Amino acid sequence: MEISHADKVFYPGEGLTKGDVVEYYRAVAHVMLPHLRGRPLTLRRFPDGIEGQGWFQKHPGEHFPDSIRVESVPRRGGGTDDYVVCDDAETLEYLAGQGTLEFHVWLSTVDAPERPDRMVLDLDPPDGTPVAELRAVARRIRDHYERAGLTAFVQASGGRGFHVLAPLDAKSDTEVVLELSRVLADAVAADDPDRLTTAQRKEKRGDRIFLDANRNGYAQTFVAPYSLRARPGAAAATPLDWRELGKAEPAGWGLAKEKQRMARKEDPWRDLDQHAASAEAALKQLT
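Being a predicted model, the structure only gives us computed values, none of them experimental.

Regarding the nonpolar core
Phase 1 of the analysis: Membership of the largest hydrophobic core comes to 44 residues, with the highest contact counts inside it found for Tyr-11, Tyr-25, Met-32, Leu-36, Leu-41, Leu-95 and Phe-103.
Phase 2 of the analysis: Secondary-structure elements contributing two or more residues to this core are strand E1 (9–11), helix H1 (18–36), strand E3 (41–45), helix H2 (89–97), strand E7 (100–106) and helix H5 (255–264).
Phase 3 of the analysis: In terms of residue count, the dominant contributor to this core is H1 (10 residues).
Phase 4 of the analysis: Counting the residues that make up this core, at least three belong to each of domain 1 (9–110 + 219–238 + 251–266) and domain 2 (118–217 + 275–286).
Phase 5 of the analysis: Ignoring anything within four residues of it in the chain, the contact list for Leu-36 reads Leu-41, Cys-86, Leu-92, Phe-103, Val-105 and Ala-224.
Phase 6 of the analysis: Leu-121, Ile-141, Val-164 and Val-177 belong to the second-largest nonpolar core, a separate cluster that totals 38 residues.

Written out as structure tokens, the structure is:
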């Protein structure tokens, strides 16, 4: 696929161009696509790079070709919304060529939008939080997941924190999964209320780490594994082995480093669905 304006600078601080971004997504497509396939996408587009205007795009553009898969998904309150679904490398490359830097996915699929097969807690730290503390909190979340019968997977977000995800069997509805995520977040926060919080209002959080369960609501998203982030540094959201967490930084894998990593390493989340568990059973363990 020919990319127009491939020399346009997208990340000025790193000297990375649109062509570099498209080439990155070509290089990681084999590990990224399993995490995109079948899921409604929200795109974060910056056609003129991160210093230009950017926006979140939930619905397909009128100029998108017919080869791009589009699916109608029920809207709460009635009606439907159309979403792009990225099932193949050609679609991924096309979307990158349209200035998509970030790919955000639902925690459910277009075939079963009301039955999530993922649950995630997002660590949102205040400025100045030591990364060692974030690592310790991620491990604490893992321990709570395991006590509920869930298998925990960790991702460096490419931003400020970590995501801790559990695969689910897609047999429980969104409300059950959201309740489970909130119960887990509250339990983790109760371990260390001076440093952790689930308070929704920023002014009530103080200097504590926010454990965000809101991404588990209907039509909510989290940043897809291997997606770049639209911020200086060009870091990628990076799935990790738990043994890697001890040296991991939330934004520790820039574009070039991520390409090198995935050229020599298998995806740490490749067997994620083999560990799918019941959200209802986990909730019963906790309540």
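Some points on the pattern of salt bridges
Phase 1 of the analysis: Applying the stated rule across the entire model yields 27 salt bridges.
Phase 2 of the analysis: Between Asp-48 and Lys-8 there is a salt bridge, with the nearest N and O atoms lying 3.0 Å from each other. Here Asp-48, found in the loop between E3 and strand E4 (55–57), pairs with Lys-8, found in the segment before E1; they are 40 residues apart in sequence, far enough to count as distant.
Phase 3 of the analysis: Between Arg-270 and Glu-266 there is a salt bridge, with its nearest N and O atoms 3.5 Å apart.

Description of the environment of Asp-273
Phase 1 of the analysis: Examined against the element boundaries, Asp-273 turns out to sit in the loop between H5 and helix H6 (279–286).
Phase 2 of the analysis: Along the primary structure Asp-273 and Asp-169 are separated by 104 residues, whereas in three dimensions their C-alpha atoms are 8.2 Å apart.
Phase 3 of the analysis: Separated by 2.8 Å, the side chains of Asp-273 and Arg-118 make a polar contact.

Let's talk about the packing of helix H3 (residues 131–147) against helix H4 (residues 174–191)
Phase 1 of the analysis: At a closest axis distance of 10 Å, the pairing of H3 and H4 adopts a crossing angle of 125°. Comparing the axis directions of H3 and H4 gives the class oblique. Crossing of H3 over H4 shows right-handed handedness. Residues Arg-140, Ile-141, His-144 and Tyr-145 of H3 form the contact with H4, whose participating residues are Leu-184, Ala-187, Val-188 and Asp-191.
Phase 2 of the analysis: Broken down by class, the residue content of the contact of H3 with H4 amounts to 5 nonpolar, 1 polar and 2 charged.

Considerations on the packing of aromatic side chains
Phase 1 of the analysis: Under the criterion given, the structure shown has 6 aromatic pairs.
Phase 2 of the analysis: Between the aromatic rings of Tyr-83 and Trp-106, the centroid separation amounts to 5.3 Å while the plane-to-plane angle is 75°, which identifies the pairing as edge-to-face. A residue pair is termed long-range when its members are at least 10 positions apart, and Tyr-83 in strand E6 (residues 80–85) and Trp-106 in strand E7 qualify at 23 residues. The pair formed by Tyr-83 and Trp-106 is uniform in burial state, with each residue classed as buried.
Phase 3 of the analysis: Look at Trp-106 and Tyr-218: their rings are 5.3 Å apart centre to centre, the planes differ by 75°, and that puts the pair in the edge-to-face class. Of this pair, Trp-106 sits in strand E7 while Tyr-218 sits in the loop between strand E12 (209–212) and strand E13 (221–223), and the two are 112 residues apart along the sequence.

Side note on the sheet that holds strand E11 (residues 196–197)
Phase 1 of the analysis: Within the open sheet, the 6 strands sit side by side as E11-E12-E8-E10-E9-E14. Their pairing is mixed. One side of each edge strand has no neighbouring strand; the edge strands of this open sheet are E11 and strand E14 (238–240).
Phase 2 of the analysis: Sheet analysis places strand E9 (residues 153–156) next to E14, joined by 3 bridges and oriented antiparallel. Across the sheet, Gln-155 pairs through a bridge with Pro-239, a residue of E14.
Phase 3 of the analysis: The sheet strands contacting H4 are strand E8 (118–124), E11 and E12, and the helix crosses E8 at an angle near 35°.

Quick notes on H2
One turn of the α-helix equals 3.6 residues, which is why residues spaced by three or four share an orientation.
Phase 1 of the analysis: Among the 9 residues that make up H2, 7 are buried, leaving the element largely enclosed by the rest of the structure.
Phase 2 of the analysis: Within H2, burial applies to Thr-91, Leu-92, Glu-93, Tyr-94, Leu-95, Ala-96 and Gly-97.
Phase 3 of the analysis: Looking at the buried positions of H2, the neighbouring elements they touch are H1, E3, E6 and E7.
Phase 4 of the analysis: Its side-chain oxygen 3.3 Å from the backbone nitrogen of Glu-90, Asp-88 forms the N-cap of H2.
Phase 5 of the analysis: With its phi angle positive at about 85°, Gly-99 sits one or two positions after the end of H2.

What about the pairing of strand E10 (residues 162–167)?
Phase 1 of the analysis: Counting buried positions along E10 yields 6 of 6 residues, so the element is predominantly enclosed.
Phase 2 of the analysis: The alternating pattern of E10 places Phe-162, Val-164 and Ala-166 on one face and His-163, Leu-165 and Pro-167 on the opposite face, and all of these are buried.
Phase 3 of the analysis: Summarising the sheet, E8 and E10 pair through 5 bridges and their orientation is antiparallel. Looking across to E10, one finds that Met-119 is bridged to Ala-166.
Phase 4 of the analysis: Across 4 bridges, the pairing between E9 and E10 is antiparallel. Bridge pairing in E10 places Ala-156 opposite Phe-162.
Phase 5 of the analysis: Counting the residues that bridge the hairpin from E9 to E10 gives 5 residues, and of these Gly-158 lies at a positive phi of roughly 80°.

Procedures and definitions
- Chains are numbered independently. Their residues run from 1 in the order of the written sequence.
- With pLDDT at 70 or above as the cut-off, local features in this predicted model cover only qualifying residues; side-chain atom pairs require 80 or more to be listed or tallied, and sums for whole chains, interfaces and linings still use all residues.
- Excluding hydrogens and water, the side-chain values take into account all heavy atoms of the structure.
- Only buried residues count toward a nonpolar core. Its members are Ala, Val, Leu, Ile, Met, Phe, Trp, Tyr and Cys residues joined through side-chain atoms within 4.5 Å.
- Burial here depends on accessible area, computed with a 1.4 Å probe over protein chains only, as a share of the maximum for the residue type. Under 20% is buried, over 50% is exposed, and the range in between is partly exposed.
- Counting from the N terminus, the helices are the DSSP runs of H or I reaching at least four residues and the strands are the DSSP runs of E reaching at least two.
- Start and end points for every domain follow an automatic or database-based domain assignment.
- The contact rule is simple, with two residues in contact once any of their heavy atoms fall within 4.5 Å.
- The rule for a salt bridge is simple: a side-chain nitrogen of Lys or Arg has to be within 4 Å of a carboxyl oxygen of Asp or Glu.
- Under the rule applied, a polar contact is a pair of N or O atoms within 3.5 Å (in protein, one hydrogen donor and one hydrogen acceptor; residues adjacent in sequence only if both atoms are side-chain atoms).
- The angle between two axes is taken between their N-to-C directions and runs from 0 to 180 degrees, where each axis is a line fitted to C-alpha atoms and a helix contributes only its stretch in contact.
- Orientation labels follow simple angle bins: below 35 degrees gives roughly parallel, above 145 gives roughly antiparallel, 65 to 115 gives roughly perpendicular, and whatever is left gives oblique.
- By convention the crossing between two helices is left-handed if the near helix lies anticlockwise of the far one by an angle smaller than a right angle, and right-handed if it lies clockwise.
- Three residue categories are used. Nonpolar comprises Ala, Val, Leu, Ile, Met, Phe, Trp, Tyr, Cys and Pro, charged comprises Asp, Glu, Lys and Arg, and polar comprises the others, including Gly.
- Each Phe, Tyr or Trp ring (for Trp, its six-membered ring) is paired with any other whose centre lies within 6.5 Å, and the angle between the two planes then decides the class: stacked below 30 degrees, edge-to-face above 60, tilted in between.
- Any two strands with at least two DSSP bridges between them are considered paired.

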